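A closer look at the structure
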Amino acid sequence: MDIINPSGKKMIRLSTKWCGKDLTLEVNRVGFRTTSSVLVTYGETTILGSVVVSDKPVEQDFFPLSIEYEEKFYAAGKMNGSKFIKREGKPSDNAILVGRLIDRPIRPLFPKGYRQEIQVVATVLSMDAGFRPDVVGMVAASAALHCAGVPFDGPVAGLRIGRINGEFKAFLSAEEREQSDLDLVVAVRDGKVMMVEAGANEVPESVIIDAMKWAVENCKPALELQEKLREAVKPEELPYELVLPEESIQERVDKWCAGKFAGGKIRGNVLERKEVCDELLEEMHAEFAKTLWDEHIADVAAKADTELKKMTLSDLKALDSEEEIRAWYDAEHAKDYAEAFELAVHAEVRRGIVEEGVRPDGRKLTEVRPLSSQVSVLPRVHGSSLFTRGLTQAMNIVTLAPMSFAQVVDTMEVTDGIRRYMHHYNAAPFTVGEIGRVGAPGRREVGHGYLAERALLPVLPSVEDFPYAIRSVTEIMSQNGSTSMAATCSSCLALMDAGVPLIRPVSGVAMGLMVDVPKGTEITPADIDKAYVLTDLMDAEDFAGDMDFKVTGTTEGITALQMDMKVHGLPVEILEKAIAQSHDGRMFILNHMLSVLPGPREKISDNAPRIEKLMINPDKIGAVIGKGGEMINKITTETGASVDIEDSGLVTIAGTDAAAIEKALEWVKSLTEEPEVGKIYTGKVVTIKDFGAFVNILPGIDGMLHISQISDKRLDKVTDALKVGQEVKVKLVAIDDKGKLSLSMKNVEQK
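Residues numbered from 1 in each chain as written. Predicted model: local features only at pLDDT ≥ 70, side-chain atom pairs only at ≥ 80, totals over all residues. Heavy atoms only, no water.

Here the focus is the nonpolar core. Of all hydrophobic cores here, the largest spans 146 residues; its most connected members are I106, I118, M212 and I470. For I118, the residues in contact, after removing those within four places along its chain, are V51, V52, V53, F63, P64, L65, S66, F110, L145 and V150. Judged by nonpolar contacts, the second largest core, of 23 residues, contains C257, L292, W293 and A334. (Core = buried A, V, L, I, M, F, W, Y, C linked by side-chain atoms within 4.5 Å. Buried < 20%, exposed > 50% of the residue type's maximum accessible area, 1.4 Å probe, protein only. Contact = heavy atoms within 4.5 Å.)

In this section: the sheet that holds strand β25 (residues 680-689). In space, the 5 strands of this closed barrel follow the order β25-β26-β27-β29-β28, with mixed pairing throughout. Averaged over all pairs of adjacent strands, the angle between strand axes in this sheet comes to 50 degrees, irrespective of strand direction. Direction of pairing for strand β28 (residues 727-735) relative to strand β29 (residues 741-744): antiparallel, over a ladder of 4 bridges. In the sheet register, A734 faces β29, and the bridge partner there is S742. (Pairing = 2+ DSSP bridges. Helix = DSSP H or I, 4+ residues; strand = E, 2+ residues; numbered from the N terminus. Axes fitted to C-alpha atoms, helices over the stretch in contact; angles between N-to-C directions.)

A complete count under the given rule lists 1 cavity of 30 Å³ or more for this structure. In this structure, the largest cavity encloses a volume near 60 Å³. Lining the largest cavity are I266, R267, R273, E348, V349, G352, I353, V358, R359 and P360. The element best represented in the lining of the largest cavity is helix α11 (residues 334-356), accounting for 4 residues. Here the lining of the largest cavity is composed, by residue class, of 5 nonpolar, 1 polar and 4 charged. (1 Å grid on protein atoms, 1.4 Å probe; cavity = no way out; pocket = protein on both sides within 12 Å on 5 of 7 lines; lining within 4 Å. Points joined across faces, edges and corners; volume = space filled by probe spheres on them. Nonpolar A, V, L, I, M, F, W, Y, C, P; charged D, E, K, R; others polar.)

With that settled, the discussion passes to the environment of G626. With respect to the secondary-structure elements, G626 resides in the loop between α16 (621-625) and α17 (630-639). According to the relative accessible area criterion, G626 is partly exposed, its value standing at 25%. Through-space distance from the C-alpha of G626 to that of I418 is 25 Å; in sequence the pair is 208 residues apart.

The next subject is the packing of aromatic side chains. For the structure on display, the rule yields 16 aromatic pairs. For the ring pair F63 and F110, a centre distance of 4.9 Å and an interplane angle of 50 degrees mean the geometry is tilted. Placement of the pair is F63 in the loop between β4 (45-57) and β5 (65-70) and F110 in the loop between α1 (93-106) and β6 (116-126), with a sequence separation of 47 residues. Through a chain of ring-to-ring contacts, the aromatic side chains of F63, F110, Y114, F152 and Y240 assemble into a single cluster. (Phe/Tyr/Trp six-rings, centres within 6.5 Å; stacked < 30°, edge-to-face > 60°.)

Under the counting rule described, the total for this entry stands at 50 salt bridges. A salt bridge links K530 to D527; the shortest N-O distance between them is 3.8 Å. Using a relative accessible area of 39% as the deciding quantity, one classes K530 as partly exposed. With relative accessibility at 9%, the residue D527 sits in the buried group. Here K566 makes a salt bridge to D542, at a shortest N to O gap of 2.7 Å. (Salt bridge = Lys/Arg side-chain N within 4 Å of Asp/Glu carboxyl O.)

Set out below in structure tokens:
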């Protein structure tokens, strides 16, 4: 039975082959009250992309676009693992990260000054367990926007790519992702890259470039299908007005600034530069307040009635004080002129870089800001560092704990996952010299923390070699660009300070790009010589640039990468130039870090818990845990050490007291020890028979002590020498093929 659309619209369904499976886009079956909604199916994954656009623009100084990615447990055929809460609540970190992943290639494709509020929601209704659904959500969001009648210069499509045995592949299974040395998401528009997000096991830069080229080619079917859907839907274009400074205002401000910026007046130390810009802005406001008031009075005088015309123009000007004139200007014009001034500053930044090769703070294009760092900056923590690069500063604190403190992850995609390494990023309002809300982390903080976390994951020691859960917290102390890379560098130093045996140290650098082409011109591979790459990006350059990206890695290769465009896509050839330059910047910063701390400390901090590990037979796990956890609780209570057991049989014993750890370790060994032929044991007689006695030598393990093996002398009865409960020393002389133990007291000294 067909669904009846209340608006009488006919259902449209289009399909194509994409990376080996059918990709289907469908409209007019669900979401009747949205501005636009598209149901996207790929394999057994189904995601609804919905768009709602406000009727009127919002009076704000930014584009009010929100993009949400909604995970639903039912989509994976599961329930929330909590015993108390079964419905979905706040988004998981993964949902936040995927929402950002979808947002980043879409947001730049709206015109500057667009102020209609738009909400995009990608809701996962069904999830194919064979691959991750995030890039299908990107297609759903893009397709819905493309059919919404808004000025969205899309569509976009993305692929999550891995590399197995040197071959690229999209839509990897969980098993394939484990084998892959690359986890790369690329968003593409019209043959150009819009966004890149990657985690990698120290792969060369060339592999990242080849993967981007592969993605550009293989995204074509998804992009073409969205264009066909738009042609079939024929959406009505929604009216809108752009909120931009009037051209006449921008021209007046540009003319005023031209003389003021001459001679590099707004270049130099970041704080001094800000002070100069603030002074110039105030000077401009003061001049234009007087000028515009004079123009206003002249206009009023020209339109005034006959009686007012008798007054001279000077009399009109004297009607208001300077304070009143400035109050009038601030209310009527200051905002527009301040925005125009900001654009003029950005234009001057670009001009200086393109024409003179000089950056706002006077650096060369390849130059890194001054570096200074310290380790062990806090007395009681397990590891700490302070990384400073120009005005950007990050403090990192590392805490080590037993594996039982690792985070358990239960989401739509993951059941009982273990997050052993956690990087949490915090940036309070004071770090940018402002007053603001202090509370739970926002999407930006979650994203920055995740990027720095991915950067270090490939170089962490295995759980078997270093059985610790690790929490790394970055507290940003000051911001001026690239705090996520400062978080990466500071976390690496703090981890080494804590004695975590990293495989290799990791550094990170933020890069910028400006392409010298007329505004609105399409950027092509032929423009590569007009592309100016900036090492160690700062805020002023970020605001004025065409792209920013962060890259982390070791001497052997890249571990993480994040790339975002401010233009409508860039060719891979230009991105290759930027990635190539980033290598030298990374190595320069890494050399600085190693000058502060050459490598991980030989031992962990005295304040950190000591952990001993022991591998036992998995069949012995029950003996350590005991009935209802009785035995393991007893060990913990009586020794003061914590004991954790994994299904593999790995036992970790942790504590700050070495004696407590040793006591617990010996206890566990006694519970799990395997009998060894030739070894002497202290046992207890548990049963006496006519032919001998059974002696318990290990928990749950008894051996047979034959009457002939009790003494060198002949015994008539076992009870002549032994009694139940008696402690004796016995030697294990044999274990037969059925696992039965033969014991002897002969030639064993009894105390």
